[in-house]
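Chains, contacts and geometry: an overview
Below are the chains, spelled out letter by letter.
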Amino acid sequence: MTEPIPSPSDVHVLVVDDVPQNLMAMRALLQRPGLAVLTASSGAEALELLLRHEVALALLDVQMPEMDGMALAELMRGTQRTREVPIIFLTASPTDPKRSFRGYEAGAVDFLHKPIDPQVIVSKVGVFVQLYQQRRELRERNEALERLVKLHETTMAVLTHDLRTPLSAIMLSAEVLRMRATDDVQRKSADRVRSSSRRMARMIEQLLDFSRIRAGVLKIRPQDANLEAVCNAATGELREMPGAAPIEMSVLGDLQGRFDADRMEQVLSNLVSNALQHGVGGEPVRVVLDGRDAQRLRVSVSNAGRLPEAMLPRLFEPFKSEGRHGEGLGLGLYIVDHFVRAHGGTVSGDNDGERAVLRFELPRVCSTLGPTA
């Protein structure tokens, strides 16, 4: 049967019936601007149309020679391309529970008995067409959003990588200025430049880690290491920050293990930095390293003050405020969460009285896991 040429933007409805008059009547009834009715007089012809067109709904006559509607529906359900297409069966036979059961098992969403009420069929087709349009619009929006996110992440990764070279020159110049300073004013100015440069370097590293996490290419490289030594390296620079609160560290048990020391150093640095930013009243930040369990290493970092209850469910989400203006990007705890989970560990945060506490634990011996999601 000759088909009208549909527009690429049209929604397609497939009608299959071996009686040409029925096909003409259904096309006249259903076709309208934006809705193209594809007609086929046999199951084989219908399959050819399904290979060329995406359809919102299929109306199948149950009784046809060679391949009946039931057999066609089963073939459609067995193919990925047409598996989700809603099917309405059209039948002139009286109600038969066995036939109805077979039809629903083949994927039917409804049965209509001939002669068909035009208002009923128009109404049902309209509902399925609207649902299809909504799904298609949602899919297109998701695809556009995924492309935008991918472009954003690629751009961010390139920019952060390219920022490292000029930043290295700034940091080196700050060191030279401090070495050649002849009075306190020059030394303090050089120290401010050096401190700001280090903070910017940490932000760049966090952006790079965020890009690696989002791209699914973050990996850990376990090695024999001591968590106390890693913590000392992580907090060394933080202890020297002007006006920083004291950092008190408690060591319990054996802290020797096998993990990615560089990643764990960043985890501890992010947690302690977060505690220093949020601590109140100059109270000390307390770090407890617990190696008393033979199988796991546990760490807690606490500061005076409380975590807002509303923040607890989304504590480890990216790009939320982590501290005072200019202190960070809101990625520190997000990176902590992913680095620890990449080791097979867990992270949590809560309030203990008037202190905010962030905790994590990980296997003492970590295997090399794949990228984190």
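Just so it is clear, the structure is predicted and the values come from calculations on it, not from any experiment.

Taken together, the side chains of Leu145, Leu148 and Leu151 present a nonpolar region at the surface, about 320 Å² in accessible area. With respect to the helices and strands, Leu151 occurs in helix H5 (residues 118–179).

The next point concerns the pairing of strand E10 (residues 296–304). Of all the nine residues making up E10, seven are buried; the element is thus mostly covered by neighbouring parts of the structure. In the sheet, strand E9 (residues 285–291) pairs with E10 via five bridges, with the strands oriented antiparallel. Among the inter-strand pairings, Val287 is bridged to a residue of E10, identified as Val301. Counting the residues in the hairpin turn of E9 and E10 gives four residues. Bridge count between E10 and strand E12 (residues 355–363): nine bridges; the pairing is antiparallel. The partner of Arg296 across the bridge, within E12, is Pro363.

Here we take up the sheet that holds strand E4 (residues 87–91). Taken in spatial order, the five strands of this open sheet run E2-E1-E3-E4-E5, and their pairing is parallel. Looking at strand neighbours, the two that pair on one side only are strand E2 (35–40) and strand E5 (108–113), the edges of this open sheet. Along the sheet, successive strands turn relative to each other by an average axial angle of 20°, direction set aside. Sheet topology places strand E1 (residues 11–16) next to strand E3 (residues 55–61); five bridges connect them, and they run parallel. Within the sheet, the bridge partner assigned to Val15 lies in E3 and is Leu59. Against the sheet, helix H1 (residues 20–30) makes contact with E1, E2, E3 and E4, and its axis sits at roughly 175° relative to E2, the strand it touches most.

Next up on the list: the side chain of Ser197. You can see Ser197 is positioned in helix H6 (residues 184–215). A distance of 2.7 Å separates a polar side-chain atom of Ser197 from the backbone oxygen of Val193. Discounting chain neighbours no more than four positions away, the residues touching Ser197 are Leu167, Ile170 and Met171.

Here Asp17 is to be found in the loop between E1 and H1. A polar contact of 2.9 Å, which involves the side chain of Asp17, links it to the backbone nitrogen of Val19. Within the structure, the side chain of Asp17 is placed 3.0 Å from the side chain of Lys114, a separation counted as a polar contact.

What counts and what doesn't
Residues numbered from 1 in each chain as written. Predicted model: local features only at pLDDT ≥ 70, side-chain atom pairs only at ≥ 80, totals over all residues. Heavy atoms only, no water. Patch = residues over 30% accessible without salt bridge, like charges linked within 9 Å, V, L, I, M, F, W, Y side chains within 5 Å. Areas by Shrake-Rupley, 256 points an atom, 1.4 Å probe, with all protein chains shown as cover. Salt bridge = Lys/Arg side-chain N within 4 Å of Asp/Glu carboxyl O. Helix = DSSP H or I, 4+ residues; strand = E, 2+ residues; numbered from the N terminus. Buried < 20%, exposed > 50% of the residue type's maximum accessible area, 1.4 Å probe, protein only. Pairing = 2+ DSSP bridges. Axes fitted to C-alpha atoms, helices over the stretch in contact; angles between N-to-C directions. Contact = heavy atoms within 4.5 Å. Polar contact = N/O pair within 3.5 Å; in protein donor to acceptor, adjacent residues only side chain to side chain.

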